[in-house]
Amino acid sequence: GSANMDLTLISESVCRKVWEKMLACKDSEPLNVFHVEPLFERELKPLYVHMYNPFVPEEEIAFLLKHFIDIQGAGQKVLDAGGYWTCKRRYLVRFRASVALEGGVFHPPSTFYIGVNRGYLYYSGQPTGCRKRGMQGHMVAKCTSVICRRCGVEGHTATECKEVWTQSASLCFLTTKPLFARELRTLTIHMFNTVLPERDIVMFLTRFVDIQGAGVKEVDPVGVWTGRRKYTVRLRPKPSGDEGVLHPPAFFNIGPNRGYLFYPGQPLTCKKCLQLGHIAANCPRRLCRGCGVAGHEVKDCEQVLTCDLCGSVGHMYRSCPRK
């Protein structure tokens, strides 16, 4: 038959000493005929988790921990003496039994990643762990393994690495984003038709940027409106765009109403061809203002000129006799 027996000791430290002696003698008689479990290891104990990125959702932390241990209740933020959060969370956990592992329980990794976010955890009775190899039993200062920090291969150091690794090559494996380009900035817009409804302006801007709040009219020192409006906006990300963001057009039309806008960090824009990188004075393209076709100027245009004012042919608006 089989029977169970519990051995209760005065403290956890005494339990650990007895457990260490049991591990040393587990293959000798009479212990080799018994199945011994360290029940003290499965008692509820506090576990502390520290994420270097404090914005990692707690659900993701709990999801990681549940792979290794049983969490009892929700985590609690650890505050310092001034009442500020230390970026640490405290969980009450129970370790899972594992006969095959040293100590009889399954220990979670002391250092880990949740996506790209690095973190570590600790608790009472935690075994010593090596950050270099991710193994238990020793610390990184006493680790005898030699691992190259450049290529990650064991057996040589970074100074002895023969891999071709330049700074420019290392950046090929990274995805960089200019977070500064998505900071809030002030955008000023000027419509030549001052009676254009603001809702039309906002509808146009929301195609390119995220507007924060309502627009504010810009006035001169006398208090007269200049025809401009200021908006606080955030540019949207666009990997193929300049600085990794989507820039709104500097010159545009809302229906028949012409306007322009500007903001800090705006790239150069040509009024003639509407391309980024240069201004109209340095534009390499010849664009006819009469017919809109590239390759010639209005004075050399062979198309029939039509006046925008009277609709007659043969002249343009600036030379219209009805002005």
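Look up: the structure comes first, before these words.
Owing to the predicted nature of the structure, the values given are computational and were not obtained by experimental measurement. Every chain begins its residue count from 1, and numbering advances along the sequence as written. Reporting of local features is limited, given that this is a predicted model, to residues whose pLDDT is at least 70; pairs of side-chain atoms are given and counted only at 80 or more, and all residues count toward the totals for whole chains, interfaces and linings. Hydrogen atoms and water are omitted, and side-chain values are computed over all heavy atoms in the structure.

Description of the pattern of salt bridges
Quick reminder of the rule: Any Lys or Arg side-chain nitrogen found within 4 Å of a carboxyl oxygen on Asp or Glu counts as a salt bridge. Under the scheme used here, helices are H or I runs from DSSP no shorter than 4 residues and strands are E runs no shorter than 2 residues, and both carry numbers assigned from the N terminus. Summary of the burial criterion: residues with accessible area below 20% of their type's maximum are buried, those above 50% are exposed, and those between are partly exposed, where the area comes from a 1.4 Å probe applied to protein chains only.
Taken as a whole and judged by the stated rule, the model has four salt bridges. A salt bridge links Arg-236 to Asp-210; the shortest N-O distance between them is 2.9 Å. With Arg-236 in the loop between strand 9 (225-235) and strand 10 (251-254) and Asp-210 in strand 7 (residues 209-211), this residue pair connects regions lying 26 residues apart in the sequence. With relative accessibility at 28%, the residue Asp-210 sits in the partly exposed group.

A word on the packing of aromatic side chains
The criterion, for reference: Aromatic pairing here means that ring centres of Phe, Tyr or Trp (its six-membered ring) are within 6.5 Å. Orientation follows from the plane angle: under 30 degrees is stacked, over 60 is edge-to-face, and everything else is tilted. Lysine and arginine charges are scored as sitting over a ring when NZ or CZ, respectively, is within 6 Å of the ring centre and within 35 degrees of the ring normal.
Scanning the entire structure with this criterion turns up nine aromatic pairs. The interplanar angle of 20° and the centroid separation of 6.3 Å between the aromatic rings of Tyr-260 and Phe-262 together place this pair among those described as stacked. Cluster of aromatic residues (ring-pair linked, three or more members): Tyr-48, Tyr-52, Tyr-120 and Tyr-122. One Lys or Arg, Lys-217, reaches over the ring of Trp-225 and ends 4.3 Å from the middle of that ring. A cation over a ring is seen here: Arg-258 above Phe-192, with NZ or CZ 4.5 Å from the ring centre.

Some details on the sheet that holds strand 5 (residues 117-123)
Strand pairing in a sheet relies on backbone hydrogen bonds, with the paired strands running either antiparallel or parallel. For the record, the criterion: By the convention used here, strands pair only if DSSP detects at least 2 bridges between them. Each axis is a line fitted through C-alpha atoms, taken for helices only over the stretch in contact, and angles between the N-to-C directions span 0 to 180 degrees.
The five strands lie next to each other as 2-3-1-5-4, forming an open sheet whose pairing is antiparallel. Every other strand in the sheet has two partners, leaving strand 2 (69-79) and strand 4 (111-114) as the edge strands with one partner each. Here the strands of the sheet are splayed against their neighbours by 30° on average, with no regard to which way each runs. In the sheet, strand 1 (residues 45-51) pairs with strand 5 via five bridges, with the strands oriented antiparallel. By the bridge assignment, Leu-47 is partnered in strand 5 with Tyr-123.

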